[in-house]
Amino acid sequence: MFERAKIARDRKNPENRTDLWMAHRLLVRRVWTLSVQDIRRLPSSAAAISTSSFSTSLQSPPSRVSLLSPSRTLPRTLHQISRRDVSFNVQDTEDFTERVVNSQLPVLVDFHAQWCGPCKILGPRLEKAVAKQKGRVAMAKVDIDEHTDLAIEYGVSAVPTVIAMRGGDVVDHFVGIKDDDELDSFVSKVIGQ
Amino acid sequence: MAALCRGSHRWKKINSFHVLKRNLTGKHDYDLVVIGGGSGGLACSKEAAQLGQKVAVLDYVDPSAKGTKWGLGGTCVNVGCIPKKLMHQAALLGTAVKDAQRYGWQISGTVSHDWATMAEAVQNYVKSLNWGHRVQLQDKKVTYLNLKGTLVDKHTIRGLSKAGKETILTAKNIVLATGGRPKYPSNVPGAMEHGITSDDIFWLKKSPGKTLVVGASYVALECAGFLTGIGLDTTVMVRTIALRGFDQQMAGLVTDHLESYGTRFEWKSVPTRVEKLSSGALKVTWTNTQTGCEHSDTFDSLLWAVGRAPETKALGLDKLGVQISKETGKIIVGPDESSSLPNIYAFGDIGEGRPELTPTAIKAGRLLAHRLAGRSSELMNYDNVATTVFTPLEYGCVGLSEEEAEKRHGKDGIEVYHAFYKPLEFTVAQRDSSQCYIKVICERAGHQKILGLHFLGPNAGEVLQGFSLALQCGATYRQLMQTVGIHPTSAEELVKINITKRSGLDPTVTGC
């Protein structure tokens, strides 16, 4: 909440309104997802899994698989991380809620469009920066023409727009191209290093 | 979700009850609903929302006969002005590359054009505009609905989604701005199955190849122009005259230039049938109406540019008694864009007697929004609207054609100044400037008020915009002569013009 308000204060007026409106939408989404989580409440011990490494899992592998399907927020194995595996394409609003809003990991959301030239440059660069973090951050890709409502909901006007979400809150964002160093520092900040 | 699906018929009954209740209590869902998300519709809805009205805009694109469809923004953005001008630019650049060599540029090998590269770039830009419009509607707080709108009664609209789902909306005022779509000929077998229109040409992924353009409207000539310019074998088939409604002397010069540019013309001809050959090519048979002879040829593509029809059939107008013109199918409107029903308005391409142009639709839409919000009573001024035909040699004009000026003032009541000039850029490039021509039509008496300006030459649109302001201010020939030209430009020839048609003297400009 504090971080959302901070972002709102830091911006000039027009963006302020967008950010506050975005914050409101997120709050609505949060409330909804929390109630969904209540329905799907997992055994309390399972909550530790997604934030710890594989070696310290508290449940046996079969149950872990039943809670999180392989293609979800965690990479398959730490050894197999490649740029391809690093990001996933959001399929629909429910998918976004499950894999981004409800993700235990911080998630970078890359809003892009097929017709956007700079997006084609930023996408791989962002994946490279995310891959460097070896599973500490996930990356979702949203095609704004396929998921217009979602893009509008998050106040995307120009592309590429990247938003960083942690625990369902937008903690940072940027619009346009960034170079490798800027992306590395952005990603580190999101993870909290 | 399941509950909603099962109770859909119940939902409809509840919905119509709400509509009835709303109508009785006088409360509508919206202050204004605009049907049509093109140049006019978007401008009107955004302006109305800015003035504090609760506005919704319905936009829906029926796919073309070939299945082409596009996003928000209307004809201009998707299948008109924007892609047209970009492809026109592509063609001009081809000519520029040829000129460049005379200016010293060393270009090795042959220069060829790749349709796919151009088309992708143009299509990507158009898609970015679709998104931009979507964001603008969101920012201006206009509700956007991707539904096909029909009038149920004078305050109720039924919107149909692609999936067939119905939505009912009520509005205090309704504005119709659904525009038009290209016509297919009704009497040519094979026309629709094998031919394309301007709805399709800009969205082709592969080059249209050897193309026959049927028609001589500005759409036909502009398309034929850029197709020729990018190196395609292009033929234009004209039934009677070119650029109907435009100054015919200028129209003749435009087609003369196109012919010298490399476009083939089949004059006074009408296609009689279109067949697809086993090779995939199209065999077109036509009759020359002057000689009566039949001819045929094969083409890769056939582009119909034989006129546009207004999108009024699906609006349900006849049921409500909204008057439409029997001849054109367009909605009969008053000077304030009102229809025969008090709270229903129509403007843009569907308005009878209105110019089919984006800037007039935008301006009319904004003024209408102001009037509906009770903020002003200013009406749209449709006079002296400047336009440009973006053929390879551009033709810009504002005001009256010579024919119209003669009709209104009599041949003796007007003075026509004219000049053939040569753009400086053409000299080194060794380009032919035979059709570079200017005509200024004035009243003959007094200070000689300018009635019409016609300019054929490069960048005609850019040249003419400033002069349209002059006409708006009631400029006279006297004032034109008092204006000093910018040198060296082609535009300066407009303020230097002095040879009259009446004098019979040679109007070719010589030297500085």
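Residues numbered from 1 in each chain as written. Chains lettered and ligands numbered in written order. Predicted model: local features only at pLDDT ≥ 70, side-chain atom pairs only at ≥ 80, totals over all residues. Heavy atoms only, no water.

### Quick notes on the overall build of chain B
And step 1. Helix and strand counts for chain B stand at 17 helices and 21 strands.
And step 2. Against the compact-globule benchmark of 24 Å for 512 residues, chain B has a radius of gyration of 25 Å, which places it among compact chains.
And step 3. Within chain B, the proportion of its 512 residues that are buried is 51%.
And step 4. A separation threshold of at least 6 residues defines the contact pool for chain B, and within that pool the share at least 24 residues apart is 63%.
And step 5. Carbon and sulfur atoms make up 54% of the accessible area of chain B, which amounts to about 24300 Å² in all.
And step 6. Within chain B, one finds 59 positive and 48 negative side-chain charges whose respective centroids are separated by 9 Å. (Helix = DSSP H or I, 4+ residues; strand = E, 2+ residues; numbered from the N terminus. Rg over C-alpha atoms; globule rule 2.2 N^0.38 Å. Buried < 20%, exposed > 50% of the residue type's maximum accessible area, 1.4 Å probe, protein only. Contact = heavy atoms within 4.5 Å. Areas by Shrake-Rupley, 256 points an atom, 1.4 Å probe, with all protein chains shown as cover. Lys, Arg positive; Asp, Glu negative; His and termini not counted. Charge placed at Lys NZ, Arg CZ, Asp CG, Glu CD.)

### Quick notes on the sheet that holds strand 21 (residues 450–456) of chain B
All names here are of chain B.
And step 1. The sheet built from 5 strands is open, its strands ordered 17-18-21-20-19 with antiparallel pairing. Only two strands of the sheet have a single partner each, and these edge strands are strand 17 (387–389) and strand 19 (414–420). Sheet twist, expressed as the average angle between the axes of neighbouring strands with direction ignored, equals 10°.
And step 2. In this sheet, strand 18 (residues 395–399) lies alongside strand 17 in antiparallel orientation, the contact comprising 3 bridges. Its bridge partner lying in strand 18, Thr-388 is registered against Gly-396. (Pairing = 2+ DSSP bridges. Axes fitted to C-alpha atoms, helices over the stretch in contact; angles between N-to-C directions.)

### Details of the UniProt feature "active site" (unreviewed entry) in chain B
All names here are of chain B.
And step 1. Per the UniProt record, "active site" (unreviewed entry) is found at His-487.
And step 2. Of the residues examined, His-487 reaches a relative accessible area of 51% and is grouped as exposed.
And step 3. A polar atom in the side chain of His-487 sits 2.7 Å from the side chain of Glu-492. (UniProt positions renumbered as here; feature names shortened; annotations may be inferred. Polar contact = N/O pair within 3.5 Å; in protein donor to acceptor, adjacent residues only side chain to side chain.)

### Things to note about empty space enclosed by the protein
Residues and elements named next belong to chain B.
And step 1. Scanning the model with the defined rule gives 2 cavities of 30 Å³ or more in all.
And step 2. Looking at the second largest cavity, its volume works out to about 30 Å³.
And step 3. Every residue lining the second largest cavity is listed: Gly-180, Arg-308, Ala-309, Pro-310, Lys-330, Asp-349 and Glu-356.
And step 4. Of the residues belonging to the lining of the second largest cavity, the class tally is 2 nonpolar, 1 polar and 4 charged. (1 Å grid on protein atoms, 1.4 Å probe; cavity = no way out; pocket = protein on both sides within 12 Å on 5 of 7 lines; lining within 4 Å. Points joined across faces, edges and corners; volume = space filled by probe spheres on them. Nonpolar A, V, L, I, M, F, W, Y, C, P; charged D, E, K, R; others polar.)

### Let's talk about the pattern of salt bridges
Opposite charge on two side chains lets them pair, provided their charged atoms get close.
And step 1. Under the counting rule described, the total for this entry stands at 28 salt bridges over all chains.
And step 2. Among the salt bridges present, the one from A:Lys141 reaches A:Asp110, with a minimum N-O distance of 3.6 Å. Of the two residues, A:Lys141 is situated in strand 3 (residues 138–143) and A:Asp110 in strand 2 (residues 107–112); the sequence distance between them amounts to 31 residues. Neither A:Lys141 nor A:Asp110 differs from the other in exposure class; each is buried.
And step 3. Via salt bridges that share partners, B:Asp247, B:Glu402, B:Lys439 and B:Lys501 belong to a single interconnected network. (Salt bridge = Lys/Arg side-chain N within 4 Å of Asp/Glu carboxyl O.)

### Side note on the environment of A:Lys132
Residue and element names in this part refer to chain A.
And step 1. Take Lys-132: it is sitting in helix 6 (residues 117–132).
And step 2. In this structure Lys-132 comes out as partly exposed when scored by relative accessible area, which is 44%.
And step 3. At 2.7 Å, the side chain of Lys-132 and the side chain of Asp-184 are in polar contact.

### Some points on the interface of chain A and chain B
And step 1. Counting from both sides, the interface comprises 10 residues of chain A and, opposite them, 7 residues of chain B.
And step 2. Taken together, both faces of the contact between chain A and chain B bury some 890 Å²; the carbon and sulfur share is 66%.
And step 3. Per-residue buried area on chain A facing chain B is highest for A:Trp115, A:Ile152 and A:Ser157; these three make up 59% of the total on that side.
And step 4. Taken together, chain A and chain B are joined by 0 salt bridges.
And step 5. Applying the counting rule to chain A against chain B returns 2 residue pairs in polar contact (both at pLDDT 80 or more). (Buried area = accessible area lost by both parts, 1.4 Å probe.)

### Some details on the domain arrangement of chain B
Residue and element names in this part refer to chain B.
And step 1. You can read the domains of chain B as domain 1 (30–182 + 309–373), domain 2 (183–307) and domain 3 (393–499).
And step 2. The distance between the C-alpha centroids of domain 1 and domain 3 comes to 32 Å.
And step 3. Each partner contributes to the interface: domain 1 provides 6 residues, whereas domain 3 provides 7 residues.
And step 4. For the pair domain 1 and domain 3, the summed buried area comes to about 590 Å², and 46% of that belongs to carbon and sulfur atoms.
And step 5. It is Asp-99, Arg-102 and Tyr-103 in domain 1 that bury the most area against domain 3; as a group they hold 72% of the surface buried on that side.
And step 6. Connecting domain 1 to domain 3 are 1 salt bridge.
And step 7. Ionic pairing is found between Asp-99 and Arg-431, a salt bridge with its closest N-O pair at 2.8 Å. (Domains from an automatic or database assignment.)

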